[in-house]
Structures are given as C-alpha cells and as structure tokens.
Amino acid sequence: MTYVEAADAPLRKTGHIKLYGPEGFEGMRKAGRLAAEILDAIAEMIGPGVTTAAVDDLVYEYAVSHGAYSATLMYRGYRYSVCTSINHVVCHGMPNAKPLREGDIVNVDVTIVLDGWYGDSSRMFAIGEIPRRAERLLDVTYESMMRGIAAIKPGGHVGDIGAAIQEFVEPQHMSVVRDFCGHGVGRVFHDEPNIVHVGQRGTGPELVPGMIFTVEPMINLGRPHVKVLSDGWTAVTRDRSLSAQFEHAVGVTETGVEIFTLSPKGYHKPPYATV
Ligand code: MF3
Ligand code: CO
Ligand code: CO
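Residues numbered from 1 in each chain as written. Chains lettered and ligands numbered in written order. Predicted model: local features only at pLDDT ≥ 70, side-chain atom pairs only at ≥ 80, totals over all residues. Heavy atoms only, no water.

Concerning helix H4 (residues 158-169)
Step number 1: The end-to-end C-alpha separation of H4 is 18 Å, in line with the 16 Å expected for twelve residues at 1.5 Å each.
Step number 2: Among the twelve residues in H4, eleven count as buried, and that is most of the element.
Step number 3: What H4 keeps buried is the set Val158, Gly159, Asp160, Ile161, Gly162, Ala163, Ala164, Ile165, Gln166, Phe168 and Val169.
Step number 4: Those residues of H4 that are buried lie in contact with helix H3 (132-150), strand S8 (175-176), strand S10 (191-195), strand S11 (212-215) and strand S12 (218-220). (Helix = DSSP H or I, 4+ residues; strand = E, 2+ residues; numbered from the N terminus. Expected span 1.5 Å × (residues − 1). Buried < 20%, exposed > 50% of the residue type's maximum accessible area, 1.4 Å probe, protein only. Contact = heavy atoms within 4.5 Å.)

Next up, the structure:
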C-alpha cells in the first residue's frame, strides 16, 4: 500500500492512503465534534413513541443550522440525513414514521460535512427497558470498538484492529459482521483503507501518523451473515438475531490515536444519564 500527502491528492478515492497534516486533524476535530453533538442531542430526545423520521429531521436541522450538511442525504441515491437501524437491522436502516417501542435497540449513524471534512459516528440507543441479552450486546459492541481503537499505534497494522475486536467478541458467543467495514475518511466519505473488524495482527497496511479512518464494528447475537432487503439499503441479520454497532472516526498520531467523535456530554454508551 502506498501513502500520499492528502493536501496533494485529488478529492476522491485514488487507491492510495491519504496522510493528513495538522489542518486535517483540526478539520476532523470540528466535524467530529459536530457529529458527536448531534448524537448527544438525539440521546436527549429519543425514546418510546419517538419516530426515526423525527431523528432524521433533527439531524438535518442541526447540521444546517451549524453550517454543515448531511453526507448521506442523496449519497448514492440514499434519501435520508441519517441511518437508523433497529433490532435485527445491521446498518443502513432508513428513517420512517413508525414510533420506536419500549425494548427496541437502535443504532443512529450520523455523517455530516463541515468545511469539507466528514464527521462520521454512530451510537446505540436503548428505548426504555431493554432485555438483558440486548444490554450485553450493547456492552460487548462498545467495548469491542474501544479495544479496536486502543490497538492503533504508528508502526502497527490495520489487522491489529480487527484482531483485537474479533478476539474479544467471539469468546462471548457473539459474531462480527464481515460484509461491512470501517473506512478511510477525511475530505472523502469512504476512502482507503478498508478497516475490517476481524483479522490477524501484523497484517494489512501499516498504520502511519496522519491516517484518518473509522472503526465501526457490527456485532450480532447470532451468526454473522447479513442480507440486504429489496429496498437496496436495509441490511439485516439472516437469522434475525439482534445486531449492534458503534462508530468513531480516529486519526493515527505520532504516539498513538486521537478520537475525533467523542461525546462532549459523556454519552458514550447506554444508559445515557440524560436528566
Ligand atoms: N455512515 C455510514 C458509514 O459509517 C454510511 C452511510 S451511507 C448511507 O460509513 F448512504 F447509507 F447513508
Ligand atoms: Co463510517
Ligand atoms: Co457512519
């Protein structure tokens, strides 16, 4: 794999890994913070009876009123400002007018563009009281993402991230989705490299200071297999088991890793103390 200075690279996927300098990290801090603030606002409004369409409206309005816009609206024909993936939906669930119900678990995945920088982050939300097995799934999924991020340091490899996630998840009899992965991000939404959430240490591209990408494991209570519904977007577990996901955008630094999308309010994982 070859690396290029992001500042000299065309604004698209080129087959090289872009390396960002201090202005890139500053741009990502601002974009990441806005995405995280939006997720904090969602934590304070979501609950039983709330519709995912209302979440979609909030994301649209919040982005536009802060000088940003949603990266997903009209992206490859996607028509919403956010993805809302409920229960056995793995990812790319589309907002609709159906009220959320007590016991649902829902992933809200926000990507905004601020001054050309893409802030991409998602969290799980528990709607009222949720079953114990759903609670366990959310805890394991959050912890797996954080272990994947903790494995990032210059001189390491992309495979270290997937290995850390897989080794933590599988002994707990849950599974890691293979069909979707993290991705380079920055001034391009989905860029090189792919961040696969399973793998072997020491494999894949070397982690180099200036790389910016997402870590976004999708974890299932049952088997890892997914299928995409006939709407062309909604990905569900084939066995209809519950699925969860968290996502942070991160940058490789000289000494380790910086997370751009941390919650300013400390709403890291449910239950969010929102009162
Ligand atoms: N935010 C998602 C990701 O983490 C991508 C959503 S693309 C959409 O990469 F079109 F489905 F919105
Ligand atoms: Co992403
Ligand atoms: Co995302």
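Next comes the rest of the write-up.
Quick notes on the coordination of the cobalt ion (ligand 3)
Step number 1: Coordination of the cobalt ion (ligand 3) by the protein comes from Asp109 (OD), Asp109 (OD), Asp120 (OD) and Glu247 (OE), over a distance range of 2.1 to 2.4 Å.
Step number 2: Mapping the donors of the cobalt ion (ligand 3) onto the primary sequence gives the spacing D-x10-D-x126-E.
Step number 3: Distance-wise, the cobalt ion (ligand 2) is placed 3.3 Å from the cobalt ion (ligand 3), both being coordinated by Asp120. Taken together, the positions of Asp120 in strand S7 (residues 117-126) and Glu247 in the loop between strand S15 (243-245) and strand S16 (248-252) put the pair 127 residues apart, joining distant regions of the chain. A single burial state applies to Asp120 and to Glu247, both of which are buried. (Donors = N, O, S within 2.8 Å, 3.2 Å for Na, K, Ca; no water.)

So, the coordination of the cobalt ion (ligand 2)
Step number 1: Around the cobalt ion (ligand 2), the protein supplies Asp120 (OD), His183 (NE2), Glu216 (OE) and Glu247 (OE) as donor atoms, at distances of 2.0 to 2.2 Å.
Step number 2: Seen from the cobalt ion (ligand 2), its six donor atoms lie at angles of 51 to 159 degrees, and the figure they make is irregular.
Step number 3: Between consecutive donor residues of the cobalt ion (ligand 2), the sequence gaps follow D-x62-H-x32-E-x30-E. (Tetrahedral: all angles 85-135°; square planar, octahedral: opposite > 155°, others 65-115°.)

Regarding the packing of aromatic side chains
Step number 1: As enumerated under the stated definition, the model contains nine aromatic pairs in all.
Step number 2: Aromatic pair Phe25 and Phe260: ring centres 5.5 Å apart, planes at 75 degrees, arrangement edge-to-face. Of this pair, Phe25 sits in helix H1 (residues 22-43) while Phe260 is found in the segment after strand S17 (257-259), placing the two residues 235 residues apart along the sequence.
Step number 3: Using a relative accessible area of 4% as the deciding quantity, one classes Phe260 as buried. (Phe/Tyr/Trp six-rings, centres within 6.5 Å; stacked < 30°, edge-to-face > 60°.)

Let's talk about the pattern of salt bridges
Step number 1: Under the criterion given, the structure shown has eleven salt bridges.
Step number 2: Two residues, Glu37 and Arg33, come together in a salt bridge whose shortest N-O distance is 3.2 Å. Pair noted here: Glu37 and Arg33 are both in helix H1, with a separation of four residues, about one helical turn.
Step number 3: Between Arg147 and Glu143 there is a salt bridge, with its nearest N and O atoms 2.8 Å apart. A residue pair is termed a helical-turn pair when its members lie 3 or 4 positions apart in one helix, as Arg147 and Glu143 do in helix H3 at four residues.
Step number 4: You can call Arg147 partly exposed: its relative accessible area is 40%.
Step number 5: Taking the relative accessible area as the measure of exposure, Glu143 reaches 31% and is therefore partly exposed.
Step number 6: Within this structure, Glu26, Arg29 and Glu258 form a network of salt bridges that share partners. (Salt bridge = Lys/Arg side-chain N within 4 Å of Asp/Glu carboxyl O.)

Some thoughts on the sheet that holds S12
Step number 1: Strand order in the open sheet formed by three strands is S8-S12-S15, with antiparallel pairing between adjacent strands. Edge strands, defined here as strands with exactly one partner in the open sheet, are S8 and S15.
Step number 2: In terms of strand pairing, S8 meets S12 through two bridges, oriented antiparallel. Paired with Ser175 across the bridge in S12 is Asn220. (Pairing = 2+ DSSP bridges.)

Considerations on the packing of H1 against helix H2 (residues 52-65)
Angle between the axes and distance between the axes are the two parameters that describe a pair of packed helices.
Step number 1: Following both chains from N to C, one finds H1 and H2 inclined at 140 degrees, their axes separated by 10 Å at the closest point. Our classification of the angle between H1 and H2 gives oblique. The crossing of H1 and H2 is right-handed. Of H2, the residues touching H1 (which contributes Leu34, Glu37, Ile38, Ala41 and Ile42) are Val55, Leu58, Val59, Tyr62 and Ala63.
Step number 2: Here the contact of H1 with H2 is built from residues that sort into nine nonpolar, no polar and one charged. (Axes fitted to C-alpha atoms, helices over the stretch in contact; angles between N-to-C directions. Parallel < 35°, antiparallel > 145°, perpendicular 65-115°, else oblique. Left-handed = near helix turned anticlockwise from the far one by under 90°. Nonpolar A, V, L, I, M, F, W, Y, C, P; charged D, E, K, R; others polar.)

Details of the site of ligand 1
Step number 1: The environment of ligand 1 is made up of 14 residues, and the closest members are Thr111, His183, His190, Glu216 and Glu247.
Step number 2: At a separation of 3.1 Å, a nitrogen atom of ligand 1 approaches a polar side-chain atom of Thr111.
Step number 3: Note that an oxygen atom of ligand 1 is positioned 3.0 Å from one of the side-chain N or O atoms of Glu247.
Step number 4: Burial of ligand 1 by the protein chains amounts to 96% of its free accessible area of 340 Å².
Step number 5: According to the grid-proximity analysis, the pocket containing ligand 1 is the largest pocket. (Near = heavy atom within 4 Å. Polar contact = N/O pair within 3.5 Å; in protein donor to acceptor, adjacent residues only side chain to side chain. Areas by Shrake-Rupley, 256 points an atom, 1.4 Å probe, with all protein chains shown as cover. 1 Å grid on protein atoms, 1.4 Å probe; cavity = no way out; pocket = protein on both sides within 12 Å on 5 of 7 lines; lining within 4 Å. Sits in = over half its atoms within 2 Å of the grid points.)

No statement about biological role is implied by the geometric values presented.
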